[in-house]
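Each chain, written out:
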Amino acid sequence: MGPGGRRWRWSWDLGLGRELGYVFWAMIGVEAAFGAYVGIWPLWIEALGAPITVVGLVLGSSGILRLLILAPSATLADRIDPRTLIVVARGLTGIGLITAALATHWTMLAPMVIGSAIGDIAFPLTQAHLATHAGEQRVRAFTLVFNVGPAVAFGIAPLISGVLIALFDLRAAFVFAALCTLFSIYFFSRFAPRPKREKGAAPPRSSYREALAEPSVKPLLGMQFATIFSLALGISLLPTFLADERGISPAVVAMLGGVGSLGAVLFGLIIARNQWLQKHPLTGVAIAIAMVMGALAVVVSTQLVWLIALAFIGRGGLWSAWGLYVAALSEIVRSDRVRPRVFTLSEMMGGTAFSSAPIVSGQLYAIRAEGPILASLAASAALIPILLITQRRMQPGRALTEEEEAVAAAAPLADPEAA
């Protein structure tokens, strides 16, 4: 049936509606691109002549760039259509991927590092777009769009990437990732533009100080940083550990990344169908942490490839935890006006944790190959009781009415131009 028919309409957007359908497929492309190369990214840096300590630095160098780029992104989005910002940002990511495929020395990976950092602008802006169109069931919508769908892509892409690597070489993974990025850009470009403001109307202003003043935002951001840092500490150099200490080939390592997404898909589907977990997202984060801990414990204790592959299902808990934090923030924030800045802060915290963890991992790995994994297990175990206690105290915020939003928007801000 044609595009105007009912059957086609319900097939392409999976019943989510047009806008959320576009978000779903755009994120499929984004995560497929990431999954295509992330499993072999440390191996490629090392193959281009970088010692293990430099590998960690290159992996983590985008963290500082991410902070510098994300901080003003919400302010830019107040003045420029977010759709335009997203398309440009992901386009630069695609260019970075192509340059990585053409690189002949690790110092030539700078465009890739810069492009990937700029591309992260898409995340908070897309999250705000979804929150605007998701209605009341935000945790379910965030889980399906930012967890289940992308996890499927993150599972399939490494398998394709592994085959391409086996047929050609490591460069093929980055070319495939660039094609996936192009796929995502198409759907990002289909987003509905922001409604035009009346002539002479000032853009709605908010600040990061105002966003941090929202109840429970600060502790959630702090726990998000701690969780992602702790898990990434053990995961970031896992491909290098598997290749060096377990003798697993790069192609198989890339495919194992796809296995990890299976756990994220299964856990995401459970959350989407379980209202209790939707109301207690931090409990879900604790379960996700336990999943990753189980995977790391197996990897550090055995050389059996089949058992490692099975344990890798738990590795997807990292992405489940990250998505649940974003969903939890979307529930407690009362004002649509400050929500984009809250999501930007979340991406800054999560991205910085994910990027800085490899720097520490590289130093620990140089001392002892198992060091990053053991440190991750210890730090992650300490987080679980903190999350469970915090969940008891956290209450979702009531959404503001249109009248309350208007009053809040008209009120003078403590720091209206803060970025």
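Scroll up for the structure.
Since we're looking at a predicted model, the values are computed, not measured. (Residues numbered from 1 in each chain as written. Predicted model: local features only at pLDDT ≥ 70, side-chain atom pairs only at ≥ 80, totals over all residues. Heavy atoms only, no water.)

Student: I would appreciate a short explanation of the overall build of the protein chain in the present structure.
Tutor: Secondary structure assignment for the protein chain yields 21 helices and 0 strands. Within the protein chain, buried positions represent 56% of all 419 residues. When contacts within the protein chain are restricted to residue pairs at least 6 apart in sequence, those whose partners lie at least 24 apart make up 84%. Put simply, the protein chain shows about 17500 Å² of open surface, and 67% of that area lies on carbon and sulfur atoms. (Helix = DSSP H or I, 4+ residues; strand = E, 2+ residues; numbered from the N terminus. Buried < 20%, exposed > 50% of the residue type's maximum accessible area, 1.4 Å probe, protein only. Contact = heavy atoms within 4.5 Å. Areas by Shrake-Rupley, 256 points an atom, 1.4 Å probe, with all protein chains shown as cover.)

Student: How should I be thinking about the packing of helix α12 (residues 217-235) against helix α20 (residues 371-393) in this particular structure?
Tutor: Helix-helix packing: each pair is described by the crossing angle between the helix axes and the interaxial distance. Running from N to C, α12 and α20 point in directions that differ by 155 degrees, and their axes come no closer than 7 Å. Between α12 and α20, the angle falls in the class roughly antiparallel. By crossing handedness, the relation of α12 to α20 is classed as left-handed. Between α12 and α20, the residues in contact are Met223, Ala226, Thr227, Ser230, Leu231, Leu233 and Gly234 and Pro372, Ile373, Ala375, Ser376, Ala379, Ser380, Leu383, Ile386, Leu387 and Thr390, respectively. The class makeup of the residues in the contact of α12 with α20 is 11 nonpolar, 6 polar and no charged. (Axes fitted to C-alpha atoms, helices over the stretch in contact; angles between N-to-C directions. Parallel < 35°, antiparallel > 145°, perpendicular 65-115°, else oblique. Left-handed = near helix turned anticlockwise from the far one by under 90°. Nonpolar A, V, L, I, M, F, W, Y, C, P; charged D, E, K, R; others polar.)

Student: Mind showing me how you'd approach α20 here?
Tutor: Think of an α-helix as turning once every 3.6 residues; residues three or four places apart then point the same way. Helix length check: α20 (23 residues) gives 34 Å between terminal C-alpha atoms against 33 Å at 1.5 Å per residue, within 8%. Listing the buried residues of α20 in full gives Gly371, Pro372, Ile373, Ser376, Leu377, Ser380, Leu383, Leu387 and Gln391. Where the residues of α20 are buried, they touch α12, α13 (238-245), α15 (275-279), α16 (281-301), α18 (317-332) and α19 (339-367). (Expected span 1.5 Å × (residues − 1).)

Student: For this particular structure, what's the right way to read the pattern of salt bridges?
Tutor: Side chains that carry opposite charge are capable of pairing whenever their charged atoms lie near each other. For the coordinates displayed, the defined rule picks out 2 salt bridges. Arg18 serves as the salt-bridge partner of Glu19, at 3.4 Å between the closest nitrogen and oxygen. Overall, the relative accessible area of 8% leaves Glu19 in the buried class. (Salt bridge = Lys/Arg side-chain N within 4 Å of Asp/Glu carboxyl O.)

Student: What is the right way to read a nonpolar patch on the surface from this model?
Tutor: Where nonpolar side chains cluster on the molecular surface, the patch consists of Val88, Leu92 and Ile95 and spans about 260 Å² of accessible area. Mapped onto the fold, Val88 is located in helix α6 (residues 82-102). (Patch = residues over 30% accessible without salt bridge, like charges linked within 9 Å, V, L, I, M, F, W, Y side chains within 5 Å.)

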